[in-house]
Amino acid sequence: MRHVTGTIERLGLLQIDSVNVLARAHLLPLFARLGPYDTTLLDRAAGRHPRRVVEAWAHEASFVPVTTYPLVAGTRRRWAGMDPLALEERNPGLQRRVRDIVAARGPLTGRDVEALVDPLHAERSDGWGWRWSAAKVALETLFDAGELTASSRNAQFERVYDLTSRVLPGHVRDQPAPDPQDAVRELTRIAARAHGVGTVRCLADYFRIGQRATRLAIDELVEEGELVPVTVPGWGRPAWLHVAARVPRRTAARALLAPFDPLVWERRRVLDLFGMHYRIGIYTPAHRRTHGYYPLPFLLGEHLVARVDLKHDRDAGLVRVRGAYAEEPGPDAAARATWPTPPDVVAGLAAELATTAQWLGAGGVAVDDDAEGDLARPLRAELD
């Protein structure tokens, strides 16, 4: 548990996403850093008293350390469908009714609440997408306002709502709300510590803070001696280094990175640092995908050397490789000098896939017969 919570504190947050092609998005960054860990530890940290992490809107819907929860009040999402005044005008008294239901009977899922309101407010909307009922919109509006939060997630990965006052530990619940400027500075500090080095854009994107506010926070952290202005070759814009960042003499990392891993979620940063123009295919029509539906970058040493489109075939008990694509080292001489050889890339990827299958409880790894990409054939041979 110390390793799990310590890693989350170092990262600052774990983004949550409903896609479960390989594993839930928030589980994979911990696997990339810790190896085959017990995922029930994260369930315990987020779903049992005293909670160590809690859900909040941060970068997106995320798990954050409980001490970070008060800091992200100003970063919660706002969109027209969850305007409290507009919702009250359309459905007078519904928010109060939903809050009272949760207060009296919680923790409850959205379906539980829909069963306890009048049928009109439980009706799902028509059309494409989430098709939320008015009761579900009320729950999410109260979640966004910080009155409700998730006490846990159930087996279907549905959010189980409860009063925030009953979820947060007392030492967090009872502290005064932070000054907004202090909160932005602390979130910028967390982002800088997690990234090591970054631009205004990198640090602002981490918790989705405005760049102007982030720049003011950077100036304060420079004055305090926590950030140091630096020049990064090839970036062409100002950057800052966190004083705790260390440059190792040698990097022996080996990891598959989820599309929502903090290392790769800011695509401009990935291009600048690793030379990879990274996109995922889940939002793209099939005929326009370049690297499959859910490609994961593969980190070997200090380089992103490949991307692999994976699926956990739970019925067959296999991790399936639907595509495997090698990356080119690019023109940078230093990168080319330390770039792994093609056999090393294949061997490292095969070993990491075997570890992933073991962690997921799958019986093995299979490269599909029609798998695409220049690494598919050598990877199949290595696995066989």
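What you see is a predicted model; the values in this text were computed from it and never measured. (Residues numbered from 1 in each chain as written. Predicted model: local features only at pLDDT ≥ 70, side-chain atom pairs only at ≥ 80, totals over all residues. Heavy atoms only, no water.)

A. Up close: a nonpolar patch on the surface. A contiguous nonpolar surface patch, about 200 Å² in accessible area, is contributed by Val228, Leu241 and Val243. You can see Val228 is positioned in strand β8 (residues 227–230). Val228 gets classed as partly exposed once you look at its relative accessible area, which sits at 36%. (Patch = residues over 30% accessible without salt bridge, like charges linked within 9 Å, V, L, I, M, F, W, Y side chains within 5 Å. Areas by Shrake-Rupley, 256 points an atom, 1.4 Å probe, with all protein chains shown as cover. Salt bridge = Lys/Arg side-chain N within 4 Å of Asp/Glu carboxyl O. Helix = DSSP H or I, 4+ residues; strand = E, 2+ residues; numbered from the N terminus. Buried < 20%, exposed > 50% of the residue type's maximum accessible area, 1.4 Å probe, protein only.)

B. Up close: the packing of helix α5 (residues 94–105) against helix α8 (residues 134–145). At a closest axis distance of 9 Å, the pairing of α5 and α8 adopts a crossing angle of 75°. On the basis of their axis angle, the class for α5 and α8 is roughly perpendicular. Facing α5, whose interface residues are Leu94, Gln95, Val98, Arg99 and Val102, α8 presents Ala134, Ala135, Ala138, Leu139, Thr141 and Leu142. Tallied by class, residues from the contact of α5 with α8 come to eight nonpolar, two polar and one charged. (Axes fitted to C-alpha atoms, helices over the stretch in contact; angles between N-to-C directions. Parallel < 35°, antiparallel > 145°, perpendicular 65-115°, else oblique. Contact = heavy atoms within 4.5 Å. Nonpolar A, V, L, I, M, F, W, Y, C, P; charged D, E, K, R; others polar.)

C. Layout of the pairing of strand β13 (residues 318–326). Bridge count for strand β12 (residues 303–313) against β13 is eight bridges, and the pairing is antiparallel. Its bridge partner lying in β13, Asp313 is registered against Leu318. Linking β12 to β13, which pair antiparallel, is a turn of four residues; within it Gly317 sits at a positive phi near 70°. Both β13 and strand β14 (residues 364–372) contribute to a ladder of five bridges, which runs parallel. In the strand pairing of β14, Gly323 is matched with Glu372. (Pairing = 2+ DSSP bridges.)

D. Inspection of the pattern of salt bridges at higher detail. Tallied over the entire structure, the rule returns 27 salt bridges. The residue Glu352 makes a salt bridge to Arg254 at a minimum N-O spacing of 2.8 Å. Within this pair, whereas Glu352 is found in helix α16 (residues 342–360), its partner Arg254 is found in strand β10 (residues 254–256), the two being separated by 98 residues in sequence. For Glu352, a relative accessible area of 5% translates into the label buried. Overall, the relative accessible area of 35% leaves Arg254 in the partly exposed class. One salt bridge connects Arg320 with Asp368, and the closest N-O pair in it is separated by 3.3 Å. Separated by 48 residues along the polypeptide, Arg320 in strand β13 and Asp368 in strand β14 bring together distant segments of the chain. Each of Asp182, Arg185, Glu186, Arg189, Glu220, Glu224 and Glu226 takes part in a single network of salt bridges with overlapping partners.

E. Structural view of the nonpolar core. The biggest cluster of nonpolar side chains holds 114 residues, and the ones touching the most others in it are Phe207 and Val321. Examining the composition of this core, we find that eight residues originate from one element, α16, more than from any other. Those residues in contact with Val321 that sit more than four places away from it in its chain are Val308, Asp309, Leu310, Leu353, Val365, Ala366, Val367, Asp368, Ala371 and Leu379. (Core = buried A, V, L, I, M, F, W, Y, C linked by side-chain atoms within 4.5 Å.)

F. Representation of the sheet that holds β8 in the model. One open sheet holds the three strands; their spatial order is β7-β9-β8, and the pairing between them is antiparallel. In the strand order of this sheet, the two ends are held by β7 (197–198) and β8, each with one partner. Most of the contacts of helix α13 (residues 211–223) go to β8, to which it runs at about 105°, and overall it touches β8 and β9 (239–242).

G. Quick peek at unusual backbone geometry. With an omega of -10°, the peptide bond between His49 and Pro50 qualifies as cis. Along the chain, Pro50 falls in the loop between α3 (40–47) and β2 (53–57). In this structure, Pro107 follows Gly106 across a cis peptide bond, with omega equal to 5°. Tracing the backbone through its elements, the reader meets Pro107 in the loop between α5 and β4 (108–109). Even without being a glycine, Phe157 presents a positive backbone phi close to 65°. Tracing the chain through its elements places Phe157 in the loop between β5 (148–153) and β6 (159–163). At Arg208, a residue that is not glycine, the phi angle is positive and equals roughly 55°.

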